[in-house]
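# Structural overview
Now for the letters of each chain:
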Amino acid sequence: MLTKRIIPCLDIKNGRTVKGINFLDLRDAGDPVELAKFYSENGADELVFLDISATEERRKTLADLVLRVAETINIPFTVGGGISSVDDVEILLNNGADKISINSSAVKNPQLINDLASKFGSQCIVVAIDAKQIDGHWKVHLVGGKVPTELDLFAWAKEVEQRGAGEILFTSMDHDGTKNGFANDALAKLSTELNIPIIASGGAGRIQHFTDTFIYGKADAALAACVFHFKEIAVVDLKKELQIQGLPVRL
C-alpha cells in the first residue's frame, strides 16, 4: 500500500488564510506564509494553496504570495485559483509551485487539461472538483461552489483522468467545514472507478475521520484546513495514530 498523505489546505482571500462552513461564513485563520512554514516543519506531506476568490473576482492567483510561501517550505506545494492558461501555470511553477490545481476553468474548457498535461506532465496537474448532492446525485459546482452545473461528479472525474490529469482533489460541499467526516461513499466509488490518486476534502473533524477515509473511502490523501489551522489536531499526532491503525504514513 502506498504511503497515505496528509495535506493542510490554505484557502486564501485578500492575502489571508480563511475557513468557512459549506463554503460560506469565512473567518480569518492566519498568515499563509507563517502557516505554511509551520506545516512544513511539523509533519505535513504536502501543502495546497487555493486562492478561493480569484475566479469569482476574475483575477490571477497571487503569484508573489506563492513565491513567498515556496521560499519557506520544503514539501510539495500545489497552487490553485484563477488559472486558465498555459502561461498562468508557467508563472506559478516558476514562482515555486510543484503542482497546479484547476477547477472552474477545466469545466469551461476541458481541452485545458490536455494542454497542461502535454506541456508540463500529468504529475503536476491536479483537477479539483467541488460537488454536492442534489436529488441524490452528485453535481459539480463552479466558482468556489457558487455556480451549479448539470455535470455528474463521476462522469466528469473519468473525463478528467482520460484528458491527462495526474490527481483529483474532490471536495464534498455537503461535508465542508462540518467536521462530521468525509464523503466516504463517493470517495470509494471514485477510487474504484479511477486509476489516479484521489485526495479527500471536506468534513475532517476528528482523527478517526482520517482513518475512515483511508480505509472506507479508499482515499490516497486527506486534505483538511480548520482542524489544523485552529490546532484541534496536530499533524504529527494524527500520523502516529494512523500508524497505530496500520496505515502507512511518513513520520
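Here is a short report on the structure shown in this document. The model shown is predicted, which means the values in this text are computed figures rather than measured ones. (Residues numbered from 1 in each chain as written. Predicted model: local features only at pLDDT ≥ 70, side-chain atom pairs only at ≥ 80, totals over all residues. Heavy atoms only, no water.)

## Examining the pattern of salt bridges
What the rule picks out here adds up to 11 salt bridges. Residue Lys 37 pairs with Glu 41 through a salt bridge whose shortest N-O separation is 2.9 Å. Taken as a pair, Lys 37 and Glu 41 lie in helix 1 (residues 32–41) at a separation of four residues, close to a single helical turn. As a salt-bridge pair, Glu 46 and Lys 99 come within 3.1 Å of each other at their nearest N and O atoms. Taken as a pair, Glu 46 in the loop between helix 1 and strand 4 (47–51) and Lys 99 in strand 6 (residues 99–102) lie far apart in primary sequence, 53 residues in all. The pair Glu 46 / Lys 99 is uniform in exposure class, with both members buried. (Salt bridge = Lys/Arg side-chain N within 4 Å of Asp/Glu carboxyl O. Helix = DSSP H or I, 4+ residues; strand = E, 2+ residues; numbered from the N terminus. Buried < 20%, exposed > 50% of the residue type's maximum accessible area, 1.4 Å probe, protein only.)

## Regarding the packing of helix 6 (residues 153–162) against helix 7 (residues 184–193)
Axis separation between helix 6 and helix 7 bottoms out at 11 Å; the angle between their running directions is 35 degrees. In the packing of helix 6 onto helix 7, the handedness of the crossing is right-handed. For the pair formed by helix 6 and helix 7, the contact residues are Leu 153, Phe 154, Ala 157 and Lys 158 on the first element and Ala 186, Lys 189, Leu 190 and Glu 193 on the second. Here the contact of helix 6 with helix 7 is composed, by residue class, of five nonpolar, no polar and three charged. (Axes fitted to C-alpha atoms, helices over the stretch in contact; angles between N-to-C directions. Left-handed = near helix turned anticlockwise from the far one by under 90°. Contact = heavy atoms within 4.5 Å. Nonpolar A, V, L, I, M, F, W, Y, C, P; charged D, E, K, R; others polar.)

## Things to note about the pairing of strand 11 (residues 198–201)
Of the two faces of strand 11, the one holding Ile 198 and Ala 200 and the one holding Ile 199 and Ser 201 are both buried throughout. Taking the sense of rotation as the criterion, the β-α-β connection linking strand 10 (residues 167–172), helix 7 and strand 11 turns out right-handed. The pairing of strand 11 with strand 12 (residues 221–224) spans three bridges and is parallel. When the bridges of strand 12 are listed, Ala 200 appears paired with Ala 222. The parallel pair strand 11 and strand 12, bridged by helix 8 (residues 207–215), forms a crossover whose chirality is right-handed. (Right-handed = clockwise from strand over helix to strand, strands pointing away. Pairing = 2+ DSSP bridges.)

## As for the packing of aromatic side chains
Going through the model one piece at a time under the given rule, you end up with six aromatic pairs. For the ring pair Tyr 39 and Phe 228, a centre distance of 6.3 Å and an interplane angle of 65 degrees mean the geometry is edge-to-face. With Tyr 39 in helix 1 and Phe 228 in helix 9 (residues 226–229), this residue pair connects regions lying 189 residues apart in the sequence. Note on Tyr 39: relative accessible area 1%, which makes it buried. Over the ring of Phe 154 we find Lys 189; its NZ or CZ atom is 4.2 Å from the centre of that ring. (Phe/Tyr/Trp six-rings, centres within 6.5 Å; stacked < 30°, edge-to-face > 60°. Lys NZ or Arg CZ within 6 Å of the ring centre and 35° of its normal.)

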